[in-house]
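Structural description and commentary
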Amino acid sequence: MKLDLLKRQWLDIVFEGRNKSYGAYELRLKDGNTNLRAFFIGAVIFSIAVATPKIAEFISSATEDDSATIDTKITMAKLPPKEEKPKENLPPPPPPPPKVDQVKFVKPVVAKTEEVTEEPPKIEEIKDKNLGKEDLKGDPNAELRVEPPGNGPVQQEVVEEDNNIYNSAGIEVKPEFPGGIAKFYNFIKNNYQAPDEPGLKGQVFVSFVVEKDGSLTDIKVLRDIGYGTGKEAERVLRKSPKWTPAEQNGKRVRCSYQIPIKIETPEE
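Each value, and the rule that gives it
Residues numbered from 1 in each chain as written. Predicted model: local features only at pLDDT ≥ 70, side-chain atom pairs only at ≥ 80, totals over all residues. Heavy atoms only, no water. Axes fitted to C-alpha atoms, helices over the stretch in contact; angles between N-to-C directions. Helix = DSSP H or I, 4+ residues; strand = E, 2+ residues; numbered from the N terminus. Parallel < 35°, antiparallel > 145°, perpendicular 65-115°, else oblique. Left-handed = near helix turned anticlockwise from the far one by under 90°. Contact = heavy atoms within 4.5 Å. Nonpolar A, V, L, I, M, F, W, Y, C, P; charged D, E, K, R; others polar. Salt bridge = Lys/Arg side-chain N within 4 Å of Asp/Glu carboxyl O. Buried < 20%, exposed > 50% of the residue type's maximum accessible area, 1.4 Å probe, protein only. Patch = residues over 30% accessible without salt bridge, like charges linked within 9 Å, V, L, I, M, F, W, Y side chains within 5 Å. Areas by Shrake-Rupley, 256 points an atom, 1.4 Å probe, with all protein chains shown as cover. Arc of directions from axis to C-beta. Pairing = 2+ DSSP bridges. Phe/Tyr/Trp six-rings, centres within 6.5 Å; stacked < 30°, edge-to-face > 60°.

Now for the packing of helix α4 (residues 181-191) against helix α5 (residues 229-238). Taken N-terminus to C-terminus, the directions of α4 and α5 make an angle of 120°; their axes are 10 Å apart at the nearest point. In terms of orientation, α4 and α5 fall into the oblique class. In the packing of α4 onto α5, the handedness of the crossing is right-handed. Residues F184, F187, I188 and N191 of α4 lie in contact with α5, whose contacting residues are E232, R235, V236 and L237. Tallied by class, the residues present in the contact of α4 with α5 amount to five nonpolar, one polar and two charged.

Below, the structure written as structure tokens:
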């Protein structure tokens, strides 16, 4: 029996009585289509590889032709002449400034030796004499007075003002309210108006700077208990009389100070 290897008949004979679902039968069955597909794909790839240089050469030549054409068009293009608009009625130019008399400046020149009319005095002639603009005769019989040497102008010592703010914890002489700290808290007690809030208890911490003249500046509320207690403390401190300023090295200085103000309102 003669078999054609390109047909399916020989596969049935080879795989007769065998497991055709194993995979080899399917591969052999689709072998012709696979070979044909591979042939066409290879032919397409080969054609592209052969034609690519030709396509690139064609594109580059076309680009050069286009650029040459564009250059020619740009070179040969002519712009229309610019139309000059007639000048409108412009004001006439201002007249030239009037002429002013001018004097020629003559550069001074050092005189020559033969042109000098007066000889300068010799050293022997000006010895023990004062120099001036003209010759004057002195009195040889006049009394000679020699003033005692002076001390010269007195230079005042320049004192640099110390505007640093010192901490009350390390100052030599601390600032003090007139009459002491007890008087100060008595002043706050008589002037501080507590808020109308029953059962309110706490402390308001404030800081300020005692200036060299004893006035209080830079008043700040560090902590309060609300209800306007901090603003009321600021108001009272601004009414404070002047303190005795702090001292450092025997001089008055600015000094920072912190105090707590105890707040307590009655229960309902």
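Alright, that's what it looks like, and here's the rest.
The full count for this structure, using the stated rule, is six salt bridges. Of the charged contacts, one joins E161 and K212 as a salt bridge, the two residues approaching to 3.5 Å between their closest N and O atoms. In this pair, E161 is assigned in the loop between α3 (31-76) and β1 (165-167) and K212 in the loop between β2 (201-210) and β3 (216-223), connecting sequence segments 51 residues apart. By relative accessible area, E161 is classed as exposed at 61%. Salt-bridge contacts for E211 lead to R254; the nearest nitrogen and oxygen are separated by 2.9 Å. Here E211, found in the loop between β2 and β3, pairs with R254, found in strand β5 (residues 251-264); they are 43 residues apart in sequence, far enough to count as distant. Overall, the relative accessible area of 14% leaves E211 in the buried class.

Right, let's talk about a nonpolar patch on the surface for a bit. Where nonpolar side chains cluster on the molecular surface, the patch consists of L36, F39 and F40 and spans about 350 Å² of accessible area. Examined against the element boundaries, F39 turns out to sit in helix α3.

Listed as buried for α5 are T229, G230, E232, A233, V236 and L237. For α5, the buried positions fall inside an angular range of 160° around the axis, keeping them on one side. Facing away from the buried side of α5, by more than 90 degrees, are the exposed residues K231 and R238. At its buried positions, α5 is contacted by α4, β2, β3 and β5.

Attention now goes to the pairing of β2. As paired strands, β2 and β5 are joined by 10 bridges and run antiparallel to one another. Bridged to K201 within β5 is E264. Note that β2 and β3 share five bridges and pair antiparallel. By the bridge assignment for β3, V210 is matched with L216. What sits between β2 and β3 in their antiparallel hairpin is a turn of five residues, with G214 showing a positive phi close to 90°.

Given two aromatic rings, one states the distance between the centres and the angle between the planes to describe the pair. Taken as a whole and judged by the stated rule, the model has nine aromatic pairs. The interplanar angle of 25° and the centroid separation of 5.7 Å between the aromatic rings of F208 and Y257 together place this pair among those described as stacked. With F208 in strand β2 and Y257 in strand β5, this residue pair connects regions lying 49 residues apart in the sequence. This pair shows no difference in class: F208 is buried, exactly as Y257 is. Ring-pair connections join several aromatic residues into one group, and the members of that group are F177, F184, Y185, F187, F208, W243 and Y257.

Structurally, E232 is set in helix α5. As a C-alpha pair, E232 and P195 span 37 residues in sequence and 9.0 Å in three-dimensional space. With sequence-adjacent residues up to four places away left out, E232 is seen in contact with N191, Y192 and Q193.

Even without being a glycine, D218 presents a positive backbone phi close to 50°. For D218, the position within the fold is in strand β3. The exposure class assigned to D218 is partly exposed, which follows from its relative accessible area of 44%. With a phi close to 60°, Y227 is a non-glycine residue in the positive phi region.

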